[in-house]
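Summary of structural features
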Amino acid sequence: MITKTALKIRGFRGRGVPNSFYLHEEGSDALCILFGGWHYRTEMPLFYYSCRVLGGAGFDVLAVDFRYSTDPRYARLSDRKRQEIFLSEVRAAFAAPERSRYRRLMVGAKSLGTMALAHLSREGLLGDEARLVWLSPLLEAESIRGTLAACTNPSLVVVGNRDSRYSEPLLRELGRNAALDIMIVEKANEDLEIEGDAVRSIELLAGYVSRLRGFASASRRRRSRATANAEGA
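Before going into details, it helps to say that this report is about the structure given with it. Please read all numbers here as calculations on a predicted model, not as lab measurements. (Residues numbered from 1 in each chain as written. Predicted model: local features only at pLDDT ≥ 70, side-chain atom pairs only at ≥ 80, totals over all residues. Heavy atoms only, no water.)

A word on the packing of aromatic side chains. With the rule as written, the count across this model stands at nine aromatic pairs. When the centroid spacing of 6.3 Å and the interplanar angle of 45° are considered together, the rings of Trp38 and Tyr68 count as tilted. A residue pair is termed long-range when its members are at least 10 positions apart, and Trp38 in the loop between strand E3 (30-35) and helix H1 (45-56) and Tyr68 in the loop between strand E4 (59-64) and helix H2 (72-75) qualify at 30 residues. By relative accessible area, Trp38 is classed as partly exposed at 35%. According to the relative accessible area criterion, Tyr68 is buried, its value standing at 3%. Chaining the aromatic ring pairs together yields one cluster made of Phe35, Trp38, Phe66, Tyr68, Tyr74 and Phe86. The ring of Phe94 carries Arg99 above its face, with NZ or CZ at 4.0 Å from the centroid. For the cation-ring pair, Arg104 lies above Phe59, with the distance from its terminal atom to the ring centre recorded as 5.0 Å. (Phe/Tyr/Trp six-rings, centres within 6.5 Å; stacked < 30°, edge-to-face > 60°. Helix = DSSP H or I, 4+ residues; strand = E, 2+ residues; numbered from the N terminus. Buried < 20%, exposed > 50% of the residue type's maximum accessible area, 1.4 Å probe, protein only. Lys NZ or Arg CZ within 6 Å of the ring centre and 35° of its normal.)

In this section: helix H5 (residues 142-150). Turning to H5, its buried residues number three or more, namely Ile144, Thr147 and Leu148. Projected onto a plane normal to the axis of H5, the buried residues spread over an arc of 95° and lie on a single side. Exposed residues pointing more than 90 degrees away from the buried face of H5 are listed as Glu142 and Ala150. Where H5 is buried, its residues meet helix H4 (112-122), strand E6 (131-135), strand E7 (155-160), helix H6 (168-174) and strand E8 (180-185). (Arc of directions from axis to C-beta. Contact = heavy atoms within 4.5 Å.)

On to the side chain of Thr42, then. Checked against the element boundaries, Thr42 lands in the loop between E3 and H1. When residues no more than four places from it in sequence are discounted, the contact partners of Thr42 are Gly36, Phe47, Tyr48, Ala63, Val64 and Asp65.

Purely geometric stuff here, so don't read any function into it on its own.
Now the structure itself:
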C-alpha cells in the first residue's frame, strides 16, 4: 500500500520546499525524485501519472515543486541570487530522503527542473546506476546540452517537436550518445500536449506513460542481473 506524506525540506535560509512523498508502507529498495517545472506542478498530468506508474513499479516517489512563478520577490532578484536559491532547494530536496535504505535511484524532471538534474549530474551526486528522465529539457542552456552529450546514465529524454526549444539537428547529435533514449512527441508542445486537442493529448500522455513503465522496469531487471552475477562470483 502506498501512502502520501511530505518531508520537511528546508532550502534557502530555512524556507520550506513544497513536496509530496509517496511511500510504500511495506518498504521499498527503489527511490525516484521528481522535480517540477516553472509553472508545471507535480500534481499535473505528466507527473501525476509518472507517480502512479513508478509506484506500481515499486518506487517510493518524492515529488518536488518550485513556487518561483507565484513569488513576485523572486523576479526582482539578480540571476546569481536566483541560482543560489534554486540550487539550495535542489540540494536540500535531493538529500531529504534516507537514501541508505534504497538500492535503486531514478531522478526525473521537467523544463526548469531539468536544470536541477543537470546540476546533480555535473556534481557527481547521481552515481553510475541512477536512471534519468528528462521531460522537455531546456535545450537552449549550455549546461543542459553539455550534460546530455556527456551523460553515461541511462536516460529517457522526451521532447515535443512543437516545443519552442526543439532542435532537430541538436537532438540528432545527442542521439549519438547510446545512453540516451530520445522520444520525439509529434505535434506536442512543452507540456507534451497538442493545443486544442484533448483526446490526442491524452493518447500522447498514454504513450509517454507506457515508455516510462518500460524504462522503470528495466532498472529492476538490471539490478536483478547485477545481484545474480555478484552471488555467482
